[in-house]
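An overview of the molecular structure
The lines below spell out each chain.
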Amino acid sequence: MSAAVIEVQGLSKHFRKDDEELIALRGVDLTVEQGSFLVLLGRSGCGKSTLLNLLAGLTPPTSGQITYGGKPMRGPNTQVGYLTQHDTLMPWRDVARNVQMPRELRGESKKERAAVAAELIKLVGLDGFERHYPRELSGGMRRRASLARMLCADPETLLLDEPFGALDAQLRTELQGELLRLWSGSGRTVVFVTHDIEEALILADRVVVLGPVGTILLDQPVDLPRPRDPDDIRVDPHFVELHRRLSAALKEGAR
Amino acid sequence: MSATTTPQVGAVARPAGPLRETSRRTWRQRHGRKTLIWGWRIGLLVVLLVVWQALSGPVLDPQFVSSPNGIATRLGDWVADGTLWSNTWITVQEIVLGFLVGALSGAALAYLIASVRVVWDILDPFLMALYAIPKVALAPLFIVWFGIGTDMKVLLAAVTVFFLVFLNTAAGVHEVDRALVDAVRLMNGTRRDIAFKVVLPASMTGLLTGLRVSIPYALIGAVIGELVASNRGLGYLISDSSAKFDTDGVFATLVVLSVIAAALNAIVNLLGKRANRWKPLDAEA
Ligand SMILES: Nc1ncnc2c1ncn2[C@@H]1O[C@H](COP(=O)(O)OP(=O)(O)O)[C@@H](O)[C@H]1O
Ligand SMILES: [Mg+2]
């Protein structure tokens, strides 16, 4: 198996609110292999977003440590592309300029970055909306614009926090397919957060089920053959078996 | 820094966006409401002037309420002998200078102080105390410091502008969405990028609000300065006219002042439209 790109050891994150400590994560250990597609599955409030924030280096852990590519992380991790649960498009920039932003900050020429952005905008199906501002788009369209912006940075690791939750089923399937195409053979690592078991099984190499305060309830490799057709795979006996196992683990965590 | 790798385009089937139609609106749909509103405004003004003119004399003493005719005559005289131009020019200069000084220093200081939360928290009560001082009360002090020349009026105009621009801009800086800053940090953005590509545009609404609301105060500051101590400017014209019981002169000056105020407002509204383009389409209607 290939080397670990992210290693998390004894990770805890507390939030202080007045005199109260709110524990979001406690003692999380996790290893993410280079080039793998890891899905973090858990009910809402179990600390998935908090964990991704820590992996992106946006907040420091209360205790424990994270290494990325063998080095302890300090500050924002610029190797990752992070699609946060809530949109962070700049409201004063239109779609095209939002998507170009990562390359603009690297000082890439206007022509070059415009060409890349145009291609990515087409990829996510937003062509024709280049001149629109985020507030003029639907939630799903903003999601796709965010996805394009993240890809524009050409990151080696993707952190995706419930990226397709707000989309209609058909579009979600299409974008899942697109994401898999982007990932397969690229050597990129993906950490994908969801609360949808089916989505987890269609995408993942490995599903980690999280319980309250980020407790790992189940670490399940998914050896379903790829490509996985979402319609056919639902009736695959092995898929059904895995689904049952993940579902049981989630229920376990709820008790 | 690989600029080359772009994912293969397998393009997602174009999802349904809004349906676009070129809308063909009649002249009436396009301009009807505007014409109606302006028609009523002009009509109302005419009625007001006619009633004023009719009542002034038979019912009300022109010595107290003047009359449109008297005001027009006085303005005509002043235009003829140059009084109007020279005094208006002085006041406009004071307003513009005061506004610029106040706005520039207010905005600059806001970005400096509000960006560092601790500094802001320390200074906050002092700033609020200073802001609460009625600015008119500063006039005597300013006379002592700067004499009764133009400087005193410019600074009196600048003081209120400064606070309004400063406080509104600072509020804008504080309301910057943390998540947007984080997004830029992950793009390997520098502090400079964060300042110019997130904080500045995000706080623009606050800055523009400050500029907009402070415009009348630049005018108030300058005119009060002239009323308190001066021998030229529109404020002087008011105090001079009233000392001579020349109500027509007072009203004529007030008319000129409101024209100046309206012109200044129009300028700032233009500014606001430009910066607020990213607001949703319906917010401006
Ligand atoms: N900035 C914060 N301040 C205080 N509490 C927080 C903060 N962020 C998250 N939490 C708390 O941590 C817990 C986990 O949140 P989150 O990571 O968003 O869960 P998930 O993404 O799995 O739904 C929640 O109980 C939430 O209230
Ligand atoms: Mg979440």
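One can find the structure itself at the top, above this paragraph.
Below, the structure is looked at part by part.

The rules behind the values
- Residues numbered from 1 in each chain as written.
- Chains lettered and ligands numbered in written order.
- Predicted model: local features only at pLDDT ≥ 70, side-chain atom pairs only at ≥ 80, totals over all residues.
- Heavy atoms only, no water.
- Salt bridge = Lys/Arg side-chain N within 4 Å of Asp/Glu carboxyl O.
- Helix = DSSP H or I, 4+ residues; strand = E, 2+ residues; numbered from the N terminus.
- 1 Å grid on protein atoms, 1.4 Å probe; cavity = no way out; pocket = protein on both sides within 12 Å on 5 of 7 lines; lining within 4 Å.
- Points joined across faces, edges and corners; volume = space filled by probe spheres on them.
- Nonpolar A, V, L, I, M, F, W, Y, C, P; charged D, E, K, R; others polar.
- Core = buried A, V, L, I, M, F, W, Y, C linked by side-chain atoms within 4.5 Å.
- Buried < 20%, exposed > 50% of the residue type's maximum accessible area, 1.4 Å probe, protein only.
- Polar contact = N/O pair within 3.5 Å; in protein donor to acceptor, adjacent residues only side chain to side chain.
- Contact = heavy atoms within 4.5 Å.
- Donors = N, O, S within 2.8 Å, 3.2 Å for Na, K, Ca; no water.
- Pairing = 2+ DSSP bridges.
- Phe/Tyr/Trp six-rings, centres within 6.5 Å; stacked < 30°, edge-to-face > 60°.
- Lys NZ or Arg CZ within 6 Å of the ring centre and 35° of its normal.

Thoughts on the pattern of salt bridges
Going through the model one piece at a time under the given rule, you end up with 21 salt bridges over all chains. With a shortest N-O distance of 2.8 Å, Lys197 of chain B and Glu104 of chain A are connected by a salt bridge. Taken together, the positions of Lys197 of chain B in helix H9 (residues 191-228) and Glu104 of chain A in helix H2 (residues 95-105) put the pair across two chains. A salt bridge links Arg117 of chain B to Asp121 of chain B; its shortest N-O distance comes to 3.6 Å. You can see Arg117 of chain B and its partner Asp121 of chain B sitting in helix H5 (residues 117-132), four residues apart, about one turn around the helix. Here the salt bridges do not stand alone but share partners, grouping Asp87, Arg142 and Arg143 of chain A into one network.

Notes on empty space enclosed by the protein
All names here are of chain A. Applying the stated criterion across every chain, the model contains one cavity of 30 Å³ or more. The space that makes up the largest cavity amounts to roughly 40 Å³. Considering the residues around the largest cavity, the lining is formed by Leu123, Val124, Leu147, Leu151, Leu175, Glu178, Leu179 and Leu182. Of all the secondary structure elements, the ones that give two or more residues to the lining of the largest cavity are helix H4 (139-152) and helix H5 (169-183). Counted by class, the lining of the largest cavity contains seven nonpolar, no polar and one charged residues.

Examining the nonpolar core
Core analysis: the biggest nonpolar cluster contains 61 residues, and Met90 of chain A together with Trp120, Phe166 and Val198 of chain B have the highest contact counts within it. For this core, the leading source of residues is helix H7 (residues 150-174) of chain B, giving 12 residues.

Regarding the side chain of Gln220 of chain A
Residues and elements named next belong to chain A. Looking at the element boundaries, Gln220 is found in strand E10 (residues 216-221). Of note is the side chain of Gln220, whose polar atom sits 3.0 Å from the side chain of Arg245. Not counting the four nearest positions on each side in its chain, Gln220 is found in contact with Arg206, Val207, Leu242, Arg245 and Leu246.

What about the coordination of the magnesium ion (ligand 2)?
Residue and element names in this part refer to chain A. The magnesium ion (ligand 2) binds to the protein through Ser49 (OG) and Gln85 (OE1); the donor distances cover 2.0 to 2.2 Å. Residue Ser49 is found in helix H1 (residues 48-55), and its partner Gln85 is found in the loop between strand E6 (80-83) and H2; the two are separated by 36 residues along the sequence. The class for Gln85 is partly exposed, based on a relative accessible area of 33%.

A word on the sheet that holds strand E2 (residues 20-33) of chain A
Residues and elements named next belong to chain A. Across the sheet, which stays open at both edges, the four strands sit in the order E2-E1-E4-E5 with antiparallel pairing between neighbours. A strand with exactly one partner marks an edge of an open sheet, and here the two such strands are E2 and strand E5 (71-72). Pairing between strand E1 (residues 4-17) and E2: 10 bridges, direction antiparallel. Pairing of Leu11 across the sheet is with Val28, part of E2.

Some remarks on the packing of aromatic side chains
Aromatic ring pairs are reported here in terms of the distance separating the ring centres and the angle at which the planes meet. For the coordinates displayed, the defined rule picks out 11 aromatic pairs over all chains. Note on Phe37 of chain A and Phe192 of chain A: the rings are 6.0 Å apart at their centroids and 35° apart in plane angle, and the pair reads as tilted. Of this pair, Phe37 of chain A sits in strand E3 (residues 37-42) while Phe192 of chain A sits in strand E8 (residues 189-194), and the two are 155 residues apart along the sequence. Owing to a relative accessible area of 0%, Phe192 of chain A belongs among the buried residues under this scheme. With a centroid separation of 5.5 Å and an interplanar angle of 10°, the aromatic rings of Phe162 of chain B and Phe166 of chain B are classed as stacked. Here Phe162 of chain B and its partner Phe166 of chain B are both found in helix H7, four residues apart, which amounts to about one turn of the helix. Comparing Phe162 of chain B with Phe166 of chain B, the two get one shared label, buried. Through a chain of ring-to-ring contacts, the aromatic side chains of Trp120, Tyr131, Phe162, Phe163 and Phe166 of chain B assemble into a single cluster. Across the ring face of Trp38 of chain B, the terminal group of Arg41 of chain B is positioned such that the distance to the ring centre comes to 4.7 Å.

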